[in-house]
Amino acid sequence: MLILTRKVGESIVIGDDIVIKVVETGKNNIRIGIDAPREITVLRQEVYESIQQENILSSKGDKFDITRAAKLIENKESGKK
Amino acid sequence: MKIQTRQFGEVDIDADKIINMPSGIPGFKDKKRYVVLQKEETVPFFLYQSVDDSNLSFVVLDPTKVMPEYSIEKSDFEKSVDWAFEEEEISCFVIVTIPNGNPEKMTANFMAPLVINNDRKQGVQIVLQSSNYSHKQPLLK
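Only a predicted model underlies this, so the values are computations on that prediction, with no experimental measurement involved.

Draft legend 1. Structural context of the overall build of chain A. Along chain A, the regular secondary structure elements total 2 helices and 3 strands. The secondary structure elements of chain A, listed N-terminal to C-terminal, are β-β-β-α-α. Taken over C-alpha atoms, the radius of gyration comes to 22 Å for chain A, far larger than the 12 Å a tight globule of 81 residues would show. If you line up chain A on its principal axes, its C-alpha atoms span 60 × 25 × 25 Å. For chain A, buried positions account for 14% of its 81 residues.

Draft legend 2. Structural context of the overall build of chain B. Of the regular secondary structure elements, chain B holds 1 helix and 10 strands. Counting from the amino terminus, chain B carries its helices and strands in the arrangement β-β-β-β-β-β-α-β-β-β-β. Radius of gyration (C-alpha) of chain B: 15 Å, near the 14 Å computed for a compact globule of 141 residues. Its C-alpha atoms give chain B principal-axis dimensions of roughly 40 × 35 × 25 Å. Expressed as a percentage of its 141 residues, the buried residues of chain B come to 33%. Across chain B, contacts joining residues at least 24 apart in sequence account for 48% of those joining residues at least 6 apart.

Draft legend 3. Structural view of the nonpolar core. Counting 36 residues, the largest nonpolar core has Phe45(B), Tyr48(B), Val59(B), Val60(B), Leu61(B), Val94(B) and Val96(B) as the members making the most contacts within it. Only α2 (63–80) of chain A together with β4 (33–37), β5 (46–50), β6 (57–61), β7 (90–97) and β8 (107–117) of chain B provide two or more residues apiece to this core. Counting residues per element, this core draws most heavily on β8(B), at 7 residues. Apart from residues lying up to four places away in sequence, Val60(B) is in contact with Phe45(B), Phe46(B), Tyr48(B), Phe93(B), Val94(B), Ile95(B), Val96(B) and Leu114(B).

Draft legend 4. Structural detail: the confidence of the model for chain B. With 100% of its residues at a pLDDT of 70 or more, chain B has an overall mean of 91. Taken together, the chains of this predicted complex give a pTM of 0.88 and an interface ipTM of 0.89.

Draft legend 5. Focus on the sheet that holds strand β1 (residues 11–14) of chain A. All names here are of chain A. An order of β1-β2-β3 is seen for the 3 strands of this open sheet, with the pairing classed as antiparallel. The open sheet is flanked by β1 and β3 (30–35), the only strands paired with a single partner. Taken over all neighbouring pairs, the strand axes of this sheet differ in orientation by 20° on average, direction set aside.

Draft legend 6. Structural view of the interface of chain A and chain B. The partner chain B presents 33 residues to the 27 residues of chain A that form the contact. Contributions of two or more residues to the side of chain A that touches chain B are made by α1 (45–58) and α2 of chain A. Considering every element that reaches the side of chain A that touches chain B, the biggest residue donor is α2(A), with 11 residues. By residue class, the composition of the side of chain A that touches chain B is 11 nonpolar, 8 polar and 8 charged.

Draft legend 7. Spatial organisation of α1(A). Between its first and last C-alpha, α1(A) extends 20 Å over 14 residues, near the 20 Å set by a 1.5 Å rise per residue. Restricting attention to buried positions, one finds in α1(A) the residues Ile51(A), Glu54(A), Asn55(A), Leu57(A) and Ser58(A). Down the axis, α1(A) shows its buried residues gathered within 165° of arc, on one side only. Turned more than 90 degrees away from the buried face of α1(A) sit Gln45(A) and Glu46(A), all of them exposed. Close packing links the buried residues of α1(A) with β6, β7 and β8 of chain B.

Draft legend 8. Expanded view of the confidence of the model for chain A. Residues at a pLDDT of 70 or more form 98% of chain A, whose mean pLDDT is 91. Ranking the elements of chain A by mean pLDDT puts α2(A) last, at 87, and β1(A) first, at 97.

What counts and how
- Residues numbered from 1 in each chain as written.
- Chains lettered and ligands numbered in written order.
- Predicted model: local features only at pLDDT ≥ 70, side-chain atom pairs only at ≥ 80, totals over all residues.
- Helix = DSSP H or I, 4+ residues; strand = E, 2+ residues; numbered from the N terminus.
- Rg over C-alpha atoms; globule rule 2.2 N^0.38 Å.
- Buried ≥ 20, exposed ≤ 12 C-beta atoms within 10 Å, placed from the backbone.
- Contact = placed C-beta atoms within 7 Å.
- Core = buried A, V, L, I, M, F, W, Y, C linked by C-beta atoms within 7 Å.
- pLDDT = per-residue confidence, 0-100.
- Pairing = 2+ DSSP bridges.
- Axes fitted to C-alpha atoms, helices over the stretch in contact; angles between N-to-C directions.
- Nonpolar A, V, L, I, M, F, W, Y, C, P; charged D, E, K, R; others polar.
- Expected span 1.5 Å × (residues − 1).
- Arc of directions from axis to C-beta.

Next up, the structure:
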């Protein structure tokens, strides 16, 4: 991993159009500003990983369970009316 | 055209119903073409089936079916796509996880809905970063 030292207010540039700026530093955290083109998704790593994990779990669904789950939802909805 | 699917077997689909996902789906970046399928016995769920991988499908649901107040704002995803929101028809699904053998424990990811532009036949999974929606919201609570 490339490691660079920056001061508050300084930036690094990745490629032609991604700029990452150190906005503020605290004791245990730093605030970072990011400029990137719209097609680049910027997410906190733990958020990205939890979404990826849910997608993987969803893709393992079994048709028998889907049918049962569908009945459970329909029963719940008809119970409301 | 006919495609094979793990859940529904062989299915005949309309080629112009295919939805392109240029960035794929997190976890499955290289799968870019999907169709929305539904069978009577799995209503209200839909299957978001990969056209290129018979084994890959996601269980999806119209979020307002279980959370009528759920909504996404233009500002939630205008950074991700350049769609004309006023003119184009957009659908929204949440991806559902049904644990094997434990359907009563199913959850849905309201934090990262699947948004489809029906005019462009284009889809994207967006992340509502500033919302309080859960990525693991129980559906039977």
